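One-letter residues, chain by chain:
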Amino acid sequence: MVSIPDIIKKKRDGGKLSDEEIKTFIQAVTTKDIQECQIGAMLMSIWQKGMVSSEIETLTREMMSSGEVMSWPKEWAGHVVDKHSTGGVGDKVSLVLAPALAACGCKVPMISGRGLAHTGGTLDKLESIPGFSVHQSPAQVQKILSSVGCCIVGQTESLVPADRVLYALRDATSTVDSLPLITGSIISKKGAESLCALVLDVKFGRAALYKDLDSAKELAQSLVTVGNRLGMRTAAVLSSMDATIGRCVGNSLEVVESLETLKGNGPEDLMELVTTLGGMLLMLTGLVSSLSEGSRRISEAVIGGAALSKFQAMMEAQGVAKDAIQSLCSAHSDYFSILRKSEHHIELKTPEDGVVMDIDGLALAEVLHKLGAGRSKVGQPVNHSVGAELLVSLGQKVTKGVSWVRLHYEDPAPTADQMNRLHCALTLGSDQNTQKHILVKELILPH
């Protein structure tokens, strides 16, 4: 039998690993029959030398098979779907998309993550709703899907245990940005959900993992290829991530904006992402024949209130009290009678007349992160009330002294440096050189 040092040496020297060698490595990771330093050496070898498509497929398949693979009733065949985003600022798409898909007849076992560094996590947003439990067993997930059609939960202990080990060590060994390892991590978890269709929102730009379109496209192609080879109809959307998605950033504030969207008052960019991603999934499942028809169905589910009804049912199924649900979902809700509101807020003013050319989403997110909205290490608590509301939008004409952002904070208060960074996040210009911001740049469909 081949030894772990031999496998590390082969990859270190640029060799192509066999299926058996990859299987041996992943089994050793899962059963803990390998030293942590050996895993680190293997991760760095993969980061440096890369992997060909067949190696990435085997890596992903073995990771997926390292734990429980979910199974669903036969009558759900062709209807179990999910989406994954590579992370952004103000990315609350899942909160609107999951119930909209359920309203269109899909089953959505959405397994989501927590925020780390400047990107927010879907689970943190939902946990700002008192009582919402993201911890559900596979049996509870199936029960919720039967009655509601969607649930949003955290990764269970039994799903893809190999990924949990590798994910933690990738951070410690500076190998987070390895294309084979990212592909394996994302697709193995989605494969373990036994999906029939998956759509990926791969972001590029200042506030994304990948800063340029070409590198984001390379990741998207890898994800789509491996997803389809594992039996899921997989497609990707390449979307810009320079500013923010919607007008709110921060956990409680993003829940408010999601609920407003589900009541038909959503911002244009958020709705564009929800309808594009949802429309693609409906097309991939065969529930509609075109992307435009799928997007229209998703839009109708949101604007007509069917998606809000599903979100209400999901909240109840996941532990939120009925009176809290009623209050949050009423037409003129006082959201902060239920959600935590920050003790302080301050508004920043525009320094001159002009047109809003740019709002630096990364600067905004990094300041909020330091004020307690995010975490630097896994397991750290977050302050759900910390956040920011944009009071202007790209392309808008403003006069000097108008409030452009409202900052919600508690302890610590923002420092002078942080306030300066926020002031610099706004770029004003003359209206002669405004260009329409293109959000969705490209679609990658299965071959």
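Details of the structure are given in the entry above.
Parameters at a glance
- Residues numbered from 1 in each chain as written.
- Predicted model: local features only at pLDDT ≥ 70, side-chain atom pairs only at ≥ 80, totals over all residues.
- Heavy atoms only, no water.
- Buried < 20%, exposed > 50% of the residue type's maximum accessible area, 1.4 Å probe, protein only.
- Helix = DSSP H or I, 4+ residues; strand = E, 2+ residues; numbered from the N terminus.
- Pairing = 2+ DSSP bridges.
- Core = buried A, V, L, I, M, F, W, Y, C linked by side-chain atoms within 4.5 Å.
- Contact = heavy atoms within 4.5 Å.
- 1 Å grid on protein atoms, 1.4 Å probe; cavity = no way out; pocket = protein on both sides within 12 Å on 5 of 7 lines; lining within 4 Å.
- Points joined across faces, edges and corners; volume = space filled by probe spheres on them.
- Axes fitted to C-alpha atoms, helices over the stretch in contact; angles between N-to-C directions.
- Expected span 1.5 Å × (residues − 1).
- Polar contact = N/O pair within 3.5 Å; in protein donor to acceptor, adjacent residues only side chain to side chain.
- Nonpolar A, V, L, I, M, F, W, Y, C, P; charged D, E, K, R; others polar.

Trainee: I would appreciate a short explanation of the pairing of strand 2 (residues 108-111) in the present structure.
Mentor: A regular strand places its side chains so that they alternate between the two faces of the sheet. Where burial is concerned, the two faces of strand 2 agree: the one with V108 and M110 and the one with P109 and I111 are both buried. The pairing of strand 2 with strand 3 (residues 150-153) spans 4 bridges and is classified as parallel. When the sheet's bridge partners are listed, V108 is paired in strand 3 with C150.

Trainee: Where do I start with the nonpolar core in this structure?
Mentor: Across soluble globular proteins, nonpolar side chains have a tendency to be buried as a group. Counting residues in each nonpolar core, the largest one holds 145 residues, and the members touching the most others are L101, I129, F311, M315 and W404. The element best represented in this core is helix 12 (residues 268-285), accounting for 9 residues.

Trainee: Could you clarify how one ought to interpret the environment of R61 in this entry?
Mentor: Within the secondary structure layout, R61 lies in helix 4 (residues 53-64). Residues R61 and T30, spaced 31 residues apart in sequence, show a C-alpha to C-alpha distance of 14 Å. Discounting residues that sit within four places of it in the chain, R61 has contacts with R229 and L230.

Trainee: Please explain empty space enclosed by the protein as it appears in this structure.
Mentor: Vacant regions in the atomic arrangement are exposed by a probe of water-molecule size rolled over the atoms. Across all of its chains, the model carries 2 cavities of 30 Å³ or more by this definition. Of the volumes computed, that of the second largest cavity is approximately 40 Å³. L59, M63, D163, L166, Y167, R170, L181 and S185 together form the lining of the second largest cavity. Breaking the lining of the second largest cavity down by element, the ones donating at least two residues are helix 4, helix 8 (161-172) and helix 9 (179-191).

Trainee: Sorry, what's going on with the sheet that holds strand 7 (residues 344-349) here?
Mentor: Hydrogen bonds between backbone groups are what pair the strands of a sheet, and the pairing can be parallel or antiparallel. Across the sheet, 4 strands lie side by side as 6-9-11-7; this open sheet has antiparallel pairing. Each edge of the open sheet is held by one strand with a lone partner, namely strand 6 (248-249) and strand 7. With 4 bridges joining them, strand 9 (residues 387-390) and strand 11 (residues 403-409) adopt antiparallel strand pairing. When the sheet's bridge partners are listed, L390 is paired in strand 11 with V405. Relative to the sheet, helix 17 (residues 416-425) contacts strand 7 and strand 11, its axis offset from that of strand 7 by approximately 45 degrees.

Trainee: It is not clear to me how the environment of L262 should be interpreted in this structure. Could you clarify?
Mentor: Tracing the backbone through its elements, the reader meets L262 in helix 11 (residues 251-265). For L262, a relative accessible area of 1% translates into the label buried. As for L262 and L95, which are separated by 167 residues in sequence, their C-alpha atoms are 9.0 Å apart.

Trainee: Help me understand helix 10 (residues 213-229), please; the structure alone is not making it clear to me.
Mentor: Working note: α-helix, 3.6 residues per turn, so residues spaced by three or four point in the same direction. Helix length check: helix 10, at 17 residues, gives a terminal C-alpha distance of 24 Å against a target of 24 Å (1.5 Å per residue), a fit within 8%. S215, A216, L219, A220, S222, L223, V224, V226 and G227 are the residues of helix 10 that are buried. Where helix 10 is buried, its residues meet helix 4, helix 9, strand 4 (197-204), strand 5 (233-240) and strand 13 (440-444). For helix 10, the N-terminal cap is D212; the gap from its side-chain oxygen to the backbone nitrogen of D214 is 3.3 Å. Among the residues trailing helix 10, G231 stands out with phi positive, at a value near 95 degrees.

Trainee: Would you take a moment to explain the sheet that holds strand 4 for this structure?
Mentor: Read from one edge of the open sheet, 4 strands run 1-4-5-13, paired in mixed fashion. Each end of this open sheet is capped by a strand with a single partner; those strands are strand 1 (81-85) and strand 13. Across the sheet, the axes of successive neighbouring strands diverge by a mean angle of 15 degrees, strand direction being ignored. As judged from the 8 bridges shared by strand 4 and strand 5, these two strands associate in the parallel manner. Looking at strand 5, one finds that V199 is bridged to A235. Where helix 12 meets the sheet, its contacts fall on strand 1, strand 4, strand 5 and strand 13, and the angle it forms with strand 4 comes to roughly 150 degrees.

Trainee: Whenever I open this one, the environment of P161 confuses me. Can you help?
Mentor: For P161, the location among the structural elements is in helix 8. C-alpha separation for the pair P161 and S66, spaced 95 residues apart in sequence, amounts to 6.2 Å. Beyond its immediate stretch of four places on either side in the chain, P161 contacts T30, S66 and G67.

Trainee: Mind showing me how you'd approach the layout of surface pockets here?
Mentor: Taken as a whole, the second largest pocket encloses approximately 830 Å³ of empty space. Lining of the second largest pocket is provided by 30 residues; of these, D269, S393, L394, G395 and H437 occupy positions nearest its centre. When residues of the lining of the second largest pocket are traced back to their parent elements, those giving at least two are helix 11, helix 12 and strand 8 (354-359). Sort the elements by how many residues they give to the lining of the second largest pocket and helix 12 lands first, with 4 residues. The residue inventory of the lining of the second largest pocket, partitioned by class, reads 12 nonpolar, 10 polar and 8 charged.

Trainee: How should I be thinking about the side chain of T244 in this particular structure?
Mentor: By secondary structure assignment, the location of T244 is in the loop between strand 5 and strand 6. Beyond its immediate stretch of four places on either side in the chain, T244 contacts V89, V249, D269, G361, L364 and L390.

Trainee: Can you help me understand the side chain of S45 in this one?
Mentor: Along the chain, the position of S45 falls in helix 3 (residues 36-49). What makes S45 buried here is its relative accessible area of 5%. Once you skip the residues sitting within four places of it in the chain, S45 turns out to touch I8, K11, R12 and G50.

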